[in-house]
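# Structure at a glance
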Amino acid sequence: MKALRTEDMTLNMGPHHPSTHGVLRFILTSDGEVVHSCRPDVGYLHRSIEKIGEIMTYIGFMPYTDRVDYVCAMNANWGYALAVEKLAKIEVPRRAEFLRAIVGELNRISSHLVALGTMAMDLGAITPFPWALRERERVNDLFEEICGARLTHNYVWIGGVAFDAPDGWLEKVRRFIDSFEKMIPEFNRLITGNKIFHERLVGVGVIDRKTALAYGISGPNLRASGVDWDIRRDIPYGIYPELAFDIPIGGDALGCIDDGYARFVIRVREMEESLKIVRQCLDRFPHEEKEHRTRIRKVKPPVGSVYVASEAPRGELGFFIVSNGTEKAERMRIRTGSFTAMSVVEKIAPGLMVADLVALIASLDVVAPEIDR
Amino acid sequence: MIAYVRNIQDACASIFDGMAVTFSHLFRRPITVQYPDRIPRRIQETLPDRTRGHLEVDLDICISCRACEKACPIECIVIEDVRIPKDSVAGVDGKETARVKEPTRFDINLYKCMYCGLCVEPCPTGAIRFTKEFEGATDDLSRLHLRFVTPERREVVLRKGEGYEREQAEKARKKAEAAAKPEGGKQVDPPAAGEESKEGDKE
Ligand code: SF4
Ligand code: SF4
């Protein structure tokens, strides 16, 4: 029998596609179900945030960092504040450091919940998504109470945090982490331990250690590939050096490595670690100190430049600022985890099934606005 | 073969496990509400105090210092003002603050506003603040252009401004007279503030 003649087909996936999490486009060539090449086409959500950072004053740019990555606005605020504080040598009160760590880790939990929920949904499991969003709403409630906004928080300010915790807020956080701790096993029953889900992801979208490092992957995606690297521990900032927490990495301890499943499990484990961090912050909270912010009216750093990286839920979030001695930056550059994660798709995709490509993209937890800025 | 059957068994078991979790949610308290109707209270009343909704200004305690105008990154706030005879206002925290100007125009473009709160923070009296109102959807953008100074209020403020100007003119005249008497040769600078108030008058 003669072999059937097949032909490559060019397929356009996105920019509006249910599985691309925002406006993202992939140009695939596939032979039947098998992807031959996949080129991510980014830039649909480009809002010139870096340029805006050069027009705005240092203080005025803060609300825009919310929009760099709106799924974890607290971490984005924090990363920017760290960079400006280092550049202008601004002290941060201890109380503010604790509040920052608490909101930062809560935001990590809520961000991972979105990542896990959408990933499960992309693979056809609908229930985990509302489950995750419900828990995320509880974090948002906490945020709304402390800063007044649910999504674009603008809470971590240069020199501290915008508001002190309202009365009873810390107890509410404790109640949340206590109850959420019990919810994680339920989540694992619901989806992580699900045999079908497991089978669907194991061995899919394998990014080995070498590739991950070569492409500059960071954050949970990097750790899933077995690289022991976490900026919170390795280039510590805030009060992280005082806190004890584990950094889950792919390998025997996790039971999986390199593949989509590892990237899923690692996020579940990271939520547990975040809970640990929040609990420690609550236990050691400096109630005696009252100041939550160094009051500054103007930020006018000396001429120079600075790059400060912080560990956001989607990997290394770094701000590179060149100062010319005025109130506005000469150059603002933002390095985000999603962008590098996107670049690796081109390398990993060939040979995957189209449906597995969806799993790969979902497991990388990319957020479109963070790719484009 | 055994592995194959075991696989199917595991899959079924985990489906039932998942379903059990899903089923248990039938008996939990729902955390969603039926917005906007079918809720006992307006949703605005249930929001926390710090909610960043629409902005409002209490013009009675605004001293027109323009700190909010300067703080706003996108220039949502437009203020025009006149000099008035000096008095003082009690801020929201009860602290007295001197007031030498009052706005004749105080506009906030809510359709540009991103509700960041940078304008609220530097206000010395707490005049500008967030309300819990957030339902801004409209088919008419001008409805989101809030003009806080009503025409009537503007008239009142302008009259105050005229009062200030008369006061200044009076002062200048007296000063000139006093200067003219003993020596007669010294020139008196007109007060700078007087010019400003004329500007306000033109509007
Ligand atoms: S900062 Fe306050 S007092 Fe000053 S102009 Fe604005 S609203 Fe008025
Ligand atoms: S909330 Fe922000 S954007 Fe809105 S008026 Fe105030 S400073 Fe401007």
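Our structure's up above, just so we're on the same page.
Now for a look at the structure at hand. In this text, all values refer to a predicted model and were calculated from it rather than measured experimentally.

Conventions and cut-offs
Residues numbered from 1 in each chain as written. Chains lettered and ligands numbered in written order. Predicted model: local features only at pLDDT ≥ 70, side-chain atom pairs only at ≥ 80, totals over all residues. Heavy atoms only, no water. Contact = heavy atoms within 4.5 Å. Buried area = accessible area lost by both parts, 1.4 Å probe. Salt bridge = Lys/Arg side-chain N within 4 Å of Asp/Glu carboxyl O. Polar contact = N/O pair within 3.5 Å; in protein donor to acceptor, adjacent residues only side chain to side chain. Helix = DSSP H or I, 4+ residues; strand = E, 2+ residues; numbered from the N terminus. Nonpolar A, V, L, I, M, F, W, Y, C, P; charged D, E, K, R; others polar. Near = heavy atom within 4 Å. Buried < 20%, exposed > 50% of the residue type's maximum accessible area, 1.4 Å probe, protein only. Phe/Tyr/Trp six-rings, centres within 6.5 Å; stacked < 30°, edge-to-face > 60°. Lys NZ or Arg CZ within 6 Å of the ring centre and 35° of its normal.

Chain A puts 36 residues into the contact, and the matching count from chain B is 26 residues. Across the chain A/chain B interface, buried area totals approximately 2500 Å², and carbon plus sulfur atoms make up 56% of it. If you sort the residues of chain A by the area they bury against chain B, A:R134, A:R189 and A:K195 come out on top, with a joint share of 22%. Where chain A meets chain B, there are 1 salt bridge. B:E121 is the partner of A:R293 in a salt bridge, and the nearest nitrogen-oxygen pair spans 2.6 Å. At the junction of chain A with chain B, the criterion picks out 8 residue pairs in polar contact (both at pLDDT 80 or more). Of all the secondary structure elements, the ones that give two or more residues to the side of chain A that touches chain B are helix 2 (62-68), helix 5 (128-147), helix 6 (169-192) and helix 7 (195-201) of chain A. A per-element tally of the side of chain A that touches chain B places helix 5 of chain A first, with 7 residues. Taken together, the residues of the side of chain A that touches chain B break down into 15 nonpolar, 8 polar and 13 charged.

Let's shift gears to the site of ligand 2. What surrounds ligand 2 is a group of 13 residues, the closest being B:C72, B:C113, B:M114, B:C116 and B:C119. Its residues placed into classes, the shell around ligand 2 shows 12 nonpolar, 1 polar and no charged.

In this section: the environment of A:R39. Residues and elements named next belong to chain A. Considering the arrangement of structural elements, one finds R39 in strand 3 (residues 34-41). Residue R39 is classed as partly exposed on the basis of its relative accessible area of 45%. For R39 and F176, which are 137 residues apart along the polypeptide, the C-alpha to C-alpha distance reads 42 Å. Non-local contacts of R39, meaning those with residues more than four positions away in its chain, are made with R25, F26, I27 and E346.

Take the packing of aromatic side chains next. All names here are of chain A. For the coordinates displayed, the defined rule picks out 11 aromatic pairs over all chains. Residues W78 and Y237 carry aromatic rings whose centres are separated by 5.2 Å and whose planes lie at 80° to one another, so their mutual orientation is edge-to-face. With W78 in helix 3 (residues 73-88) and Y237 in the loop between helix 10 (231-234) and helix 11 (260-283), the pair connects residues that are 159 residues apart, well separated along the chain. With a relative accessible area of 2%, W78 lands in the buried category. Pairing Y240 with F245 gives two aromatic rings, centres 5.9 Å apart and planes at 65°, and the pair type is edge-to-face. A single burial state applies to Y240 and to F245, both of which are buried. One aromatic cluster in this structure is built from F61, Y64, Y80 and F319. The ring centre of Y240 lies 5.9 Å from the NZ or CZ of R232, which sits over that ring.

Geometric values such as these leave the question of function open.
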